[in-house]
Amino acid sequence: MPKHKKNGPLSLQGAVKKQLFKSGVELPLKVLHRDSAAAGRGLPAYLHPSSLQQLLHDGAAAEPQAQEQQSSGSSAAGSSALFLQLASGSDCVLHARACADVAPGSIQLDEVQQANLRLCAGEVYKFSVFQHDSSAAGADDAAASSEEEDQQQQQQQQQAEQSMQEAADDSNEDMEDAAAAVDMPFELTDLDCEVRLLHAQQQQQQQQQQQQAVQVDAVALTRAFCKQCCWRVLAVNEYVVAEIPGLPPLLLRITAANTLTAEEQQEALGYHCFRGLLTPDTTVYMTTALSQQQQQQQQQQQQQPGDVADSAAVTATQQQLLQLSVADANPNSAALQQQQQQQQQHDAAAHVTKVTPPVQSRVAAAAAGVQLLNAVSRAAAPPATNVVHVYTNDGEWFPVKKKLLRPCIALTKAVRDSGDSAPTVHVDVDTLTFDRLLIFLEAQALQRQLPGFAIHYLDDLQRAGEQLGLRSLQEYCAHLKGTRQAALGVYSFADVQRANASGKVWLLLDGMVLDVGRWLPEHPGGAAIIPAQSLNCDCSRFFEMYHASRESFLYIAEFYIGELVPEDLPHVPLGGKQPPSSDFLMQLREYTAFRQPMLAQLAQRAPVTHLGAGKARSAAA
Ligand code: HEM
């Protein structure tokens with residue numbers, strides 16, 4: 001079971017999701033500037049206690065979701081700390097506290113907070129209480145919570161509260177309260193930060209004269225960062241300014257955030273994490289930032305065959321990463337000692353050279369203004385085998401989870417490929433259309449609201465659906481265009497026989513009519529067996545015999561074109577020597593609940609009393 005089952009990421013195209021998510025009371029607040037260099041870095045946003053109360057309590061008559069927010073926020077009321085976000089939706093989440101010195105109706109933010117939220121001092125913006133939408137977790141996480149999960153969550157929460165207690169010092173008590181305010185919503189497993197000097201240009205000029213970069217101990221930096229940000233919500237591309245005594249201020253940019261482990265990510269569908277809660281269990285990776293000019297130089301170096309060794313060395317520096325848990329911010333912690341021991345063992349085994357990078361690396365780091373010492377690389381991810389590498393007709397490449405592509409029946413072979421490396425397919429679809437197709441697939445897989453594509457994209461999308469055998473997309477586009485024909489029908493046995501005689505391949509499976517013609521070349525059992533054995537009969541028994549797994553059930557919806565008129569059922573010969581088992585039929589019906597609307601319509605219509613060819617056919621959907 002995924003560790004973060006209920007506390008998954010805010011995922012699926014953050015912007016879209018944020019719009020769907022109603023955020024309760026929206027309070028206009030005027031932004032007041034606070035000089036962080038003078039007041040101290042890493043302080044929360046401050047607002048007047050009355051504003052905080054308004055945010056928490058004015059929404060008494062709000063919608064249920066908003067009320068839920070009130071209750072989650074009310075625990076923060078006592079401690080006068082909470083998480084806020086822009087009402088219009090923002091990735092960055094503010095940790096805010098009440099302060100009587102701030103004028104009512106305003107909020108005091110330092111320059112980093114303003115930059116993160118793209119706000120100008122003196123302007124008025126609407127804010128609301130932030131609440132993590134746990135329903136946005138991956139599809140696999142969408143299931144209702146079982147007792148076991150609840151217990152696990154309680155345990156996790158107790159553990160977290162305990163470690164929170166341990167990690168607490170005077171300066172982060174407020175942050176704990178704020179974390180409690182959103183009921184421990186979504187913990188980060190790991191986070192990547194890119195480091196540079198805050199005042200890079202000025203510093204670089206000085207360094208150029210001195211020909212050296214500022215040397216930063218990655219361990220000390222991580223400790224400082226974690227101490228400042230523990231129990232705060234951090235978002236990708238958010239900036240944090242960290243200070244280490246004796247060094248100029250450092251600017252950290254969050255470059256990646258994950259609430260699932262690498263293995264869990266492999267499994268999860270539609271996982272797009274862009275923010276989460278930093279906890280004592282989060283692993284933080286640090287790397288130096290390369291300036292644009294350096295990146296260009298690096299690319300040029302890589303293009304020159306003779307310089308391969310040099311460019312590799314520069315890349316290695318860029319990849320210098322630090323892995324350190326927040327809990328290890330305490331130098332005496334057992335975890336740190338254990339990790340150091342493990343690291344020593346690992347280094348001895350892997351012959352990792354750290355601390356002193358090669359000369360080229362030092363030059364690269366110097367240009368970025370920072371040289372990280374004691375950096376350790378993130379373990380390389382194993383090659384993914386659960387993806388298909390899809391190349392679009394304009395040369396773009398998408399690694400897509402096999403599970404997500406399953407409804408694309410034209411890709412069945414690739415999806416079912418069980419080789420050691422991920423299969424590659426080329427599709428005659430352009431990048432933008434394929435991107436939209438993926439959004440559709442993801443919404444469909446996660447049972448979310450389907451995206452409302454603009455009318456001018458629909459033709460391309462419909463064609464892409466046809467290309468990839470994605471019927472649901474074809475139908476959806478037709479539906480959006482308002483030209484949807486009666487896609488599903490009620491067919492007589494004679495209709496089916498006639499279709500098969502005309503070269504189509506229509507199967508009858510427990511009363512369902514399935515058009516599998518275009519898919520035959522992709523059928524894992526081969527293209528020949530179905531037409532040879534299963535036309536013009538009920539193929540339920542063959543289906544049961546040949547398909548040991550239930551995977552084949554998952555495809556049926558893609559072929560479903562309607563129902564056989566019930567009166568004809570007794571006249572359809574059975575394929576195979578005996579009828580299908582009742583167990584099989586029960587399972588089949590469980591997997592084909594999509595039939596229900598058609599069956600309900602059939603139950604209401606007047607019975608047909610003869611086998612009149614074509615007469616039974618009626619538009620049903
Ligand atoms: C909508 C109709 C069908 C679908 C979606 C379908 C799907 C599949 C799938 C996914 C497999 C891979 C093995 C598995 O998952 O169990 C498979 C294998 C196979 N199918 Fe089908 N199938 C269909 C109809 C049929 C019919 C009607 C026949 C026979 C008349 C048939 C014969 C086979 C055979 C012989 C294999 C290979 C079994 C093996 O290697 O053990 N299939 N099919």
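Notes on the structure follow. Here the structure is a predicted model, which is why all the values come from computation and not from measurement.

## Focus: the overall build of the protein
Item 1. Counting its regular elements, the protein contains 25 helices and 23 strands.
Item 2. Across the 621 residues of the protein, 49% fall into the buried class.
Item 3. The contacts in the protein between residues at least 6 apart in sequence include a share of 78% that link residues at least 24 apart.
Item 4. Accessible surface computed for the protein: about 29,700 Å², of which carbon and sulfur atoms make up 50%.

## Some thoughts on the coordination of the iron atom of the ligand
Item 1. Donor atoms from the polypeptide that coordinate the iron atom of the ligand comprise H523 (NE2) and H547 (NE2), at 2.0 to 2.1 Å from the metal.
Item 2. Note that the iron atom of the ligand binds 6 donor atoms; their angles at the metal cover 83 to 178 degrees, and the shape is octahedral. A residue pair is termed long-range when its members are at least 10 positions apart, and H523 in the loop between β21 (512-515) and α21 (529-533) and H547 in the loop between α22 (540-546) and α23 (556-559) qualify at 24 residues.

## What to know about the sheet that holds strand β4 (residues 94-98)
Item 1. Strand order around the closed barrel formed by 6 strands is β1-β5-β2-β4-β3-β6, with mixed pairing between neighbours. Across the sheet, the mean angle from the axis of one strand to that of its neighbour is 45 degrees, orientation sign disregarded.

## Re empty space enclosed by the protein
Item 1. All chains considered together, the criterion is met by 3 cavities of 30 Å³ or more.
Item 2. In this structure, the largest cavity occupies an estimated 280 Å³ of space.
Item 3. Lining the largest cavity are 24 residues; nearest its centre among them are Q113, N116, R232, E238 and Y239.
Item 4. Within the residue set of the lining of the largest cavity, elements represented by two or more residues are β4, α5 (111-117), α9 (218-229), β9 (233-235) and β10 (239-242).
Item 5. Take the lining of the largest cavity: its biggest share by element is 4 residues, from α5.
Item 6. For the lining of the largest cavity, the residue count by class is 14 nonpolar, 6 polar and 4 charged.
Item 7. Each of domain 1 (22-132) and domain 2 (183-373) gives at least three residues to the lining of the largest cavity.

## Observations regarding the packing of aromatic side chains
Item 1. Per the counting criterion, the structure on display carries 13 aromatic pairs.
Item 2. Between the aromatic rings of Y491 and W506, the centroid separation amounts to 5.0 Å while the plane-to-plane angle is 70 degrees, which identifies the pairing as edge-to-face. With Y491 in strand β19 (residues 489-491) and W506 in strand β20 (residues 506-509), the pair connects residues that are 15 residues apart, well separated along the chain. Considered together, Y491 and W506 belong to a single accessibility category, that of buried residues.

## A word on the site of the ligand
Item 1. In the vicinity of the ligand lie 22 residues, with H523, S534, F543, H547 and S549 positioned nearest.
Item 2. Between H547 and the ligand, the recorded distance is 2.6 Å, taken from a side-chain N or O atom to a nitrogen atom.
Item 3. Within the side chain of S549, one N or O atom sits 2.8 Å away from an oxygen atom of the ligand.
Item 4. Secondary structure elements with two or more residues in the shell around the ligand: α21 and α22.
Item 5. Taken together, the residues of the shell around the ligand sort by class into 13 nonpolar, 7 polar and 2 charged.

About the thresholds
Residues numbered from 1 in each chain as written. Predicted model: local features only at pLDDT ≥ 70, side-chain atom pairs only at ≥ 80, totals over all residues. Heavy atoms only, no water. Helix = DSSP H or I, 4+ residues; strand = E, 2+ residues; numbered from the N terminus. Buried < 20%, exposed > 50% of the residue type's maximum accessible area, 1.4 Å probe, protein only. Contact = heavy atoms within 4.5 Å. Areas by Shrake-Rupley, 256 points an atom, 1.4 Å probe, with all protein chains shown as cover. Donors = N, O, S within 2.8 Å, 3.2 Å for Na, K, Ca; no water. Tetrahedral: all angles 85-135°; square planar, octahedral: opposite > 155°, others 65-115°. Pairing = 2+ DSSP bridges. Axes fitted to C-alpha atoms, helices over the stretch in contact; angles between N-to-C directions. 1 Å grid on protein atoms, 1.4 Å probe; cavity = no way out; pocket = protein on both sides within 12 Å on 5 of 7 lines; lining within 4 Å. Points joined across faces, edges and corners; volume = space filled by probe spheres on them. Nonpolar A, V, L, I, M, F, W, Y, C, P; charged D, E, K, R; others polar. Domains from an automatic or database assignment. Phe/Tyr/Trp six-rings, centres within 6.5 Å; stacked < 30°, edge-to-face > 60°. Near = heavy atom within 4 Å. Polar contact = N/O pair within 3.5 Å; in protein donor to acceptor, adjacent residues only side chain to side chain.

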